[in-house]
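Per-entry structural report
Given next are the chains, with one letter for each unit.
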Amino acid sequence: MPVLTYREAIRHALAEELERDSSVVVLGEEVGQFNGAYKVTEGLLAKFGPKRIVDTPISEAGFIGLGVGASMLGIRPVMELMFWSFYSVAFDQILNNAANVRYMSGGLINCPIVIRGPANGGTNVGATHSHTPENVLANHPGVKVVVPSTAADAKGLLKSAIRDNDPVFFLENTLLYGEKGEVPEGEHVVPLGLADVKRAGTDLTIVTYGRSVLHSLAAAEILQRDHGASVEVVDLRTIRPLDLDTVLASVAKTHRVLIVEEQKPFASVGSQLAYMIQREAFDELDAPIHRLATVDAPAIYSPPVEVEQLPNPSRVLKAALEALA
Amino acid sequence: MAQIIDMPKLSDTMTVGTLVKWLKQEGEPVKSGDMLAEVETDKATMELECFFDGTLLRQFAPAGSQVAIGSPLCAIGNPGEKVETPAAVPVPAPKPAAPLPVAAPTPPPAPRPVAPTPVAPALVPVSAPAPAAVSSARVRISPLARRLAAEKGVDYSRVTGSGPGGRIVRADIAAAAAKPAAPAAPAAAPAKSASPKGGADAWPWRSVFDPAPIQPESTAALSNMRTTIARRLVESKTTIPHFYLEIEVDAAPLGALRAQLNAGLGQDGVRLSVNDFILKASAAALRAVPGVNASWDAAGIKFHGAVHVSFAVAIEDGLITPVIRETDQKSVVQISTEAKDLGKRAKEKKLTPAEYTGGTFCVSNLGMMGIARFSAIINPPNAAILAVGATVRKPVVQDDQIVIGERMSLTLSCDHRVVDGALGARFLNALKDHLEHPALLLV
C-alpha cells in the first residue's frame, strides 16, 4: 500500500474529484499561484487551470459567500480557509446561510460546499489563529463536520465530503500535514458518520478524533507496556453526524471512558459526547466519564507552555490512569 | 433461715431447664442482682438472677443437669448455716391426648364475587422516612457494579469498594460473587441449585466420588429445644384436627411495590423482604376476618382482641417463632426492622421469653428456599398457621390468553375445632386481596 503524507492524501483526493467531476472547483487564498499556504493544493493550478483553481482576495466573508452561492447553482466548490480560525469572519455565510438553505427552501436548494483548512493549536501562531471550532460548527443542524486523523481517512473522507450534497466542514491540522500513513490505492472513499476503532482494547475506551488520536495511541502503548492496561481507541472521524453506536459498543466492552479532544472544555464536542454516553450507557459505566481537553484559556503563545495546554501523550496517560482507577 | 431458689418458669412452654453453668460457687458471697447461673430453656439461654443478699450455701443441681420447674437449684443464707436438700419436683410427663369428637363435615366455602381484573395501583409512598440530612449512608457504587450486583444477587452493602473514594466497581462485585456467600444459619441459607454454567462452585453438593462414610453412626442427646419441638408438634398433630386450604396469589403487584420501595428506601438502609409484607398482610387479613385470630381452650374458644403475628425462624438445631406484637398497628418498615432484629437475636439464642410467646397467628415461609408449597403444623394455641411458598413464574390464563404470571402459593393449616372451611377460605381470600392490592398495606 502506498505511503503518503496527510497533505498528499488530501491533494490526491482533490485531484481525483476534480478529475472525476467537472463541477468541482477549488477556491481560497493562495491556493493557485502560491500552491497553497500549506502546499496542500500544490500543482493543481498547473493541472486543472485557473477556471478550476481560483485564488481569492483576503476576504472570507466575500469568497465564502461566493462559494455558498455557487454551490446553490450546481457548482461543487471546495473552499480553503488558510486557518479555520478565520471562519468567524464568514460566520453568517457558513452557519446562517449554508447551514439553513436546504431547510428554508423546502428542500429545493442544496448547498454542496466543502470548506476545508487547518484548525489546531500547537504551532505558536497565537490565540487568534489557533481555534478548533468543530463544536461551534456541529451545533448547527444541517451541516456535517469532519476531523480526520490519518492520511487514509483524510483522503477517503474528503472524497465523501465533496460528493455530499450538504455543507461539509473539513477540519485538518497543520501538525498532521507531514504525518505519513498507508493509503489504499485506487478509489478510496470513507463514508461520513462512521467512527473507526484505531486500537482494540478491553479496559478503557478513549474516544477521540483529529491529532488527539495519535496522542491517545501513543499513551495506549505506554499503558499496555507499563500498566498492563488494554486501551481501545475510537476515532470519531466525523463529529456530525456522530457515530454513537460504535462508541457505545466499545463502552459496553470496556465500561470506562476517557474523551480526549483538542478543544476548550466548555461546551465542547466532548461535553456533548459525555452526555450522550451516560444517557445511553449509564448501566455500562464502572466509573464516571473522564475528559481531557485543551486547558481552558486562550491559546498560550509561549511554545513550551502551549505544548502542555494541548493534549499530549503524557497528559493522556495521566488522565487514562485516573479513568482506570 | 436459708432461702431456697427453685427453677423458675422462664418461658410459657418450658417444663424443665438445663443448668448450663454455675456463675457463683458454694461459699461465695452473693447479693441481690448478681447472676447465679445460666439456664437453658426450650428456647433460649438465660441468666438466673439472685434476689437475696448472703452466701451461696449449697448447689442442688450440678452443671449440665435438667431441673424441673419448681425444683430447687440452690440455697442462700448466712455463712455456715445448715440446709436440708429439699424434695425435687418430678419432671412432668406429657398429658395424654383427650379423645376428640368427630368433626362435622366442612361446609363448602361460600362463592365470592369475582373482583374485576386488578389494575396495578399507582403507588404513592405514604410515610417514607425523612431523608437523612447528609446521605453518608449511601453506598458509592458505579452504575455497572450496581447492575451486576443485582444480576449476580450480591448484597453490595457488604462489599468494600476499591475505587476512588471507596466506590464499589465491577471488579469488587465480581470478587464478591466469586466468594461463597456469608455464612448464615444453615437452614436459612437459600437453597443453592447446581449452576448450568459450570465452574468450581457449580455443584454445591457433596462430590459424587467422595469415598468417606456419609456420617458416623451415633445418637445425639436431645437438647431442650429438640425435646420441646418434638413434644409440642406431636401434641399439635395428634390433638388438633388439621385441615388445609391452598390459594394462589398474583405476586406481581407485590413484587413491583417492593421493588419501588426498596429502590426508594435503599439509601436509608431499608430493605423489605417478601415476608415483611406477608406478615403485614396476615395482620390485615386477621383484622378483616378476626375469627381466625382465636385459640381453642377447654373452657371455650378464646377470641383475641390484639393481633400478634409470629414467624418461624430457622436456628441451629431447631426453630423458634418470635412475635411481632400488635402487627396490625405497625408499618411494613417497622415490621421489617423488628423482624430483622428478632431473627438475628433468635439465631444468637438471645430472645427473651416475652419475645417468642403470646403469638395469635403464625407464618412459616420456605419460599426463599425455593419450596413452591407446603403444609405447616399448627403452633398451639394458635388456630391456624400460614405456609408461604416461593413466587414462581408460570403460565397463567388472563383474558383467555396464556401469559407469564408471577404466582405465590399460600397454604393455611386450620384447627377445625376453631376454624371451619368457610371461615378459613374467607381469611385466605382476604389475605389474597391484600397481597394483590399491596398499596393498602402502606396506609
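Structural data are supplied above this passage.
Attention here is on the structure that accompanies the text. (Residues numbered from 1 in each chain as written. Chains lettered and ligands numbered in written order. Predicted model: local features only at pLDDT ≥ 70, side-chain atom pairs only at ≥ 80, totals over all residues.)

1. Brief notes about the overall build of chain B
The secondary structure content of chain B amounts to 8 helices and 18 strands. Counting only residues that meet the buried cut, chain B has 31% of its 443 residues in that class. (Helix = DSSP H or I, 4+ residues; strand = E, 2+ residues; numbered from the N terminus. Buried ≥ 20, exposed ≤ 12 C-beta atoms within 10 Å, placed from the backbone.)

2. Considering the packing of helix α1 (residues 143-152) of chain B against helix α2 (residues 170-178) of chain B
Residue and element names in this part refer to chain B. Contact geometry for α1 and α2: axes closest at 8 Å, N-to-C directions at 20 degrees. Here α2 runs roughly parallel to α1, going by the angle between their axes. In terms of crossing hand, the pair formed by α1 and α2 is right-handed. Side by side, α1 and α2 meet where Leu144, Ala145, Leu148, Ala149 and Lys152 of the first sit next to Arg170, Asp172, Ile173 and Ala177 of the second. (Axes fitted to C-alpha atoms, helices over the stretch in contact; angles between N-to-C directions. Parallel < 35°, antiparallel > 145°, perpendicular 65-115°, else oblique. Left-handed = near helix turned anticlockwise from the far one by under 90°. Contact = placed C-beta atoms within 7 Å.)

3. A few points about the sheet that holds strand β11 (residues 231-235) of chain A
What links the strands of a sheet is backbone hydrogen bonding, and the strands pair in either a parallel or an antiparallel sense. Residues and elements named next belong to chain A. Strand order in this open sheet of 5 strands is β9-β11-β10-β13-β14, and the pairing throughout is mixed. Each edge of the sheet is formed by a strand with only one pairing partner; in this case those strands are β9 (196-199) and β14 (290-292). This sheet shows a mean twist of 25 degrees between the axes of neighbouring strands, independent of strand direction. Bridge count for strand β10 (residues 204-208) against strand β13 (residues 257-260) is 4 bridges, and the pairing is parallel. Looking at the pairing, Thr208 lines up with Val260 of β13. Along the sheet face, helix α8 (residues 212-227) touches β9, β10, β11 and β13 and points at about 170 degrees away from the line of β11. (Pairing = 2+ DSSP bridges.)

4. A word on the packing of helix α9 (residues 244-254) of chain A against helix α10 (residues 269-281) of chain A
Residues and elements named next belong to chain A. Contact geometry of α9 with α10 gives a least axis separation of 11 Å together with a crossing angle of 60 degrees. Regarding the angle of α9 to α10, the classification is oblique. In the crossing of α9 with α10, the sense of the turn from one axis to the other is right-handed. Residues Leu244, Val247, Leu248, Val251 and Ala252 of α9 pack against Met276, Ile277, Glu280 and Ala281 of α10. Of the residues that constitute the contact of α9 with α10, the class distribution is 8 nonpolar, no polar and 1 charged. (Nonpolar A, V, L, I, M, F, W, Y, C, P; charged D, E, K, R; others polar.)

5. Concerning the nonpolar core
Residues and elements named next belong to chain A. Counting 104 residues, the largest nonpolar core has Leu258 and Ala320 as its most contacted members. Examining the composition of this core, we find that 7 residues originate from one element, helix α7 (residues 151-163), more than from any other. For Leu258, the residues in contact, after removing those within four places along its chain, are Leu204, Ile206, His290, Leu292, Ala319, Ala320 and Ala323. (Core = buried A, V, L, I, M, F, W, Y, C linked by C-beta atoms within 7 Å.)

6. Here's the deal with helix α4 (residues 91-98) of chain A
Residues A:Gln93, A:Ile94, A:Leu95 and A:Ala98 constitute the buried set of α4(A). Burial along α4(A) is one-sided: seen end-on, the buried residues are contained in an arc of 160 degrees. (Arc of directions from axis to C-beta.)

7. With respect to the pairing of β13(A)
In summary, the side chains of a regular strand alternate between the two faces of the sheet. All names here are of chain A. Taking every second residue as pointing to the same face, both faces of β13 are buried, with Val257 and Ile259 on one and Leu258 and Val260 on the other. Taken together, the 3 bridges between β13 and β14 define a ladder with parallel strand orientation. Bridged to Ile259 within β14 is Arg291. Note that the unit made of β13, α10 and β14 has a crossover that is right-handed. (Right-handed = clockwise from strand over helix to strand, strands pointing away.)

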